[in-house]
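Close look at the chain arrangement
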Amino acid sequence: VNVPNVTLGGFSTDIKGEPISVQTTKFWFQVTGSGGSITDIDNVSIVKSDGKVVAGPQDVDSSGKVTFSDTITFPVGPATYYLKGKLGTSFTNNQTIIASTTPSSDWSSVTGQVTGNNLTLTNGLVTMNTMTVRAATTTVSIA
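A brief structural summary. (Residues numbered from 1 in each chain as written. Predicted model: local features only at pLDDT ≥ 70, side-chain atom pairs only at ≥ 80, totals over all residues. Heavy atoms only, no water.)

A closer look at the overall build of the protein
The cut-off we apply is this: Numbering goes from the N terminus for both helices and strands, where a helix is a DSSP run of H or I of at least four residues and a strand is a run of E of at least two. Contacts between residues were defined by any pair of non-hydrogen atoms, one from each residue, lying within 4.5 Å. Residue-level accessible areas treat just the shown protein chains as cover; the underlying method is Shrake-Rupley with a 1.4 Å probe.
In terms of regular secondary structure, the protein is built from 1 helix and 12 strands. In sequence order, the secondary structure elements of the protein are arranged as β-β-β-β-β-β-β-β-α-β-β-β-β. In terms of overall dimensions, the protein has C-alpha extents of about 65 × 35 × 20 Å along its principal axes. For the protein, contacts bridging at least 24 residues in sequence account for 74% of all contacts bridging at least 6. A total accessible area of about 7,800 Å² is found for the protein, and carbon and sulfur atoms account for 47% of it.

Here you go:
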């Protein structure tokens, strides 16, 4: 809570044929438990597994959506990406956050980088692992 670059979800791609660029990507967040709400999630970025930020940061809107208008180029082959952001101070221990996207409808202007062809994605809903908020604890004792 209140720490930047907390992992909020992750996804993998495995692009075949040619690299693709995606002009707009949308991700959706669902929060359970009492305390923080979706609008308390700020500075969300898409970060490749090597630590490079490929999009963002953006804040989650009141509908639970974060929209990245940065063009992302996905290379040929497997790659892993993480959604990282900052949870506001109203989040409490054991709240959960679930991120999702539907590439076929949430990713737009998909173009092949070699051919220049517009592509249509057919992927359905991708729901990322549930992330659970855990409060930091420190125990101090006299030695």
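A closer look at the packing of aromatic side chains
What counts here: In this scheme Phe, Tyr and Trp rings, the latter by its six-membered ring, pair at centre separations within 6.5 Å, and the angle between planes marks the pair as stacked below 30 degrees, edge-to-face above 60, and tilted otherwise. As a reminder, the over-ring test applies to NZ of lysine and CZ of arginine, requiring each to be within 6 Å of the ring centre and within 35 degrees of the ring normal.
What the rule picks out here adds up to 7 aromatic pairs. On the basis of an interplanar angle of 70° and a centroid distance of 6.1 Å, the ring pair of F27 and F68 is categorised as edge-to-face. Of this pair, F27 sits in strand β2 (residues 20-32) while F68 sits in strand β5 (residues 65-68), and the two are 41 residues apart along the sequence. Cluster of aromatic residues (ring-pair linked, three or more members): F11, F27, F68, F74, Y81 and W107. In this structure, K84 is placed above the aromatic ring of Y82, and the distance from its NZ or CZ to the ring centre is 5.9 Å.

What to know about the environment of A136
The line we're drawing: When accessible area is computed with a 1.4 Å probe and restricted to protein chains, residues below 20% of their type maximum are described as buried, those above 50% as exposed, and intermediate ones as partly exposed.
Position of A136 among the secondary structure elements: in the segment after β12 (131-132). A136 gets classed as exposed once you look at its relative accessible area, which sits at 79%. When the C-alpha atoms of A136 and N93 are compared, they prove to be 9.0 Å apart, with 43 residues separating the residues in sequence.

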